[in-house]
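# Per-entry structural report
Each chain, letter by letter, is given below.
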Amino acid sequence: MPHPHASAPLASGEHSLVIDGVRQHFRVAGHGPCCIVHAGGPGIDAGYLRMPLLERHLTMVYLDPIGTGASGRLPSHPMGYTVDRFADQVLAFVEATGLDTPFLLGHSHGAFVVLQAALKRPGATSGLILHAGAAWTGGDFMAAASAEIDRFVDRNVGTREAEEVRKAWAALPEIRSDEDYTAVLRGLLPAYVSDHRRCRDVLDVLRSQLCATMLVGDRTPFDVRDALPGLAVPTLVLAGAADFILGPRHAVILAGTLPHARLVTFGSSGHFAHLEEPDAFADAVIRFTQDPGSGLP
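First, a word on what this report is: a plain description of the structure on this page. (Residues numbered from 1 in each chain as written. Predicted model: local features only at pLDDT ≥ 70, side-chain atom pairs only at ≥ 80, totals over all residues. Heavy atoms only, no water.)

### Overview of the sheet that holds strand β7 (residues 235–240)
Through backbone hydrogen bonds, the strands of a sheet pair up, either in parallel or in antiparallel fashion. Counted only if it meets this: Two strands qualify as a pair provided that DSSP identifies no fewer than 2 bridges between them. By definition, any uninterrupted DSSP run of H or I lasting at least four residues is a helix, any uninterrupted run of E lasting at least two residues is a strand, and each is numbered from the N terminus. Angles shown run from 0 to 180 degrees and are taken between the N-to-C directions of axes, each axis being a line fitted to C-alpha atoms and, for helices, limited to the stretch in contact. Only heavy atoms matter for contacts: two residues are in contact if any of them lie within 4.5 Å across the pair.
The strand order across the open sheet built from eight strands is β1-β2-β4-β3-β5-β6-β7-β8, with neighbouring strands paired in mixed fashion. Each edge of the sheet is formed by a strand with only one pairing partner; in this case those strands are β1 (13–19) and β8 (261–266). Adjacent strand axes in the sheet meet at a mean angle of 20°, parallel and antiparallel pairs treated alike. Where strand β2 (residues 22–30) lies against strand β4 (residues 59–63), five bridges are found, and the strand directions are antiparallel. The residue of β4 that forms the bridge with R27 is Y62. In the packing of helix α2 (residues 83–97) onto the sheet, the strands contacted are β1, β2, β3 (34–38), β4 and β5 (103–107), and the crossing angle to β1 comes to about 110°. Its contacts with the sheet place helix α8 (residues 248–257) against β6 (127–131), β7 and β8, and it is angled at close to 165° to β7.

Set out below in structure tokens:
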């Protein structure tokens, strides 16, 4: 008997198609209901977001977001990469591939994208998986993140990691190229995990896979708080307890405002729970996708 959320089959491997004149590259792996994955950044391709444990239960479709990896660039590159534009690309991809209400999983900035896509077209998805997301990035968002960076440096004073993170955070306003962006993000990685000493293998993987493209949107804060109460889509909100920038305080707002959301917090994770606690992360996602409506408010 087919799964109630099964989608049209996609062949495993690397693929590209053209959407609105822009090449969309994607990788398909696994079997089962379809889950489209959108990476973060903006400007990071899908390499760091592979989730082999989920591929045993889901057909994972890893998008290289437009402007990254093997996907095409917008004519106005590096400008024009708004959350709205990314969301339109995801919805057009669903339509172009004929997928039947896939799950949408977004990480970090990618969580903004899939959330915006669902707000635009709620019927396009069987469920949302918001991994390190938020409803709002205005107000004290950057000030709070900066304070967490200061605390990381203080806790690790005298270490190579503290100096790397301090320099990288200070260099953020000076980024002018893809190379600068990649170097800054790699320098910040120790602050993005729960414990850089315990997560050395995770950091090695991220440093080797992380390749960033400098993309610029409209520079306005993301804010969908007023729209969330009307979004009747089953949603799984995932947060790392030690995520310095998109942690539990943002996840609680999402889960508390969305009418059909459940929240899972990973106590030993920072920003990359899919790598820091892969088994627990996969278990949460699989349980949700098997029955999106179960256990929801």
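### Quick look at the packing of aromatic side chains
To be explicit about the condition: Each Phe, Tyr or Trp ring (for Trp, its six-membered ring) is paired with any other whose centre lies within 6.5 Å, and the angle between the two planes then decides the class: stacked below 30 degrees, edge-to-face above 60, tilted in between. Per-residue accessibility, obtained with a 1.4 Å probe over protein chains only, is compared with the maximum for each type, and a residue is labelled buried under 20%, exposed over 50%, and partly exposed between these values. Over a ring means this: the NZ of a Lys or the CZ of an Arg is within 6 Å of the ring centre and within 35 degrees of the ring normal.
Overall, the coordinates contain nine aromatic pairs when judged by the stated rule. For the pair Y81 and F86, a centre-to-centre distance of 5.8 Å together with 40° between the ring planes defines the contact as tilted. By the burial criterion, Y81 is buried, and F86 matches it. Taking the centre distance of 5.9 Å and the plane angle of 35° together, the rings of F266 and F281 count as tilted. Taken as a pair, F266 in strand β8 and F281 in helix α10 (residues 278–290) lie far apart in primary sequence, 15 residues in all. When its relative accessible area of 3% is taken as the criterion, F266 is described as buried. A residue is classified by how much of its surface remains accessible, and F281, at 2% relative accessible area, is buried. Aromatic ring contacts, followed pair by pair, group Y48, W169, Y192, F244 and F272 into a single cluster. Here R225 stacks its cationic end above the ring of W136, 3.8 Å away from the centre of that ring.

### Focus: α2
For clarity, the cut-off: Here the expected span of a helix is defined as 1.5 Å times the quantity of residues minus one.
The terminal C-alpha atoms of α2, which comprises 15 residues, lie 21 Å apart, in line with the 21 Å expected from a rise of 1.5 Å per residue. Across the 15 residues of α2, eleven count as buried, placing the element largely inside the fold. Looking at α2, one finds that the buried residues are V83, R85, F86, A87, Q89, V90, L91, A92, F93, V94 and T97. A positive backbone phi angle near 70° is found at G98, which sits one or two residues after α2.

### Things to note about the pattern of salt bridges
Which entries qualify depends on this criterion: By convention in these notes, a salt bridge is any Lys or Arg side-chain nitrogen within 4 Å of a carboxyl oxygen on Asp or Glu.
What the rule picks out here adds up to 15 salt bridges. R27 serves as the salt-bridge partner of E14, at 2.4 Å between the closest nitrogen and oxygen. Taken as a pair, E14 in strand β1 and R27 in strand β2 lie far apart in primary sequence, 13 residues in all. With a relative accessible area of 33%, R27 lands in the partly exposed category. Here D84 ties to K120 by a salt bridge, and the two come within 3.2 Å at their closest N and O atoms.

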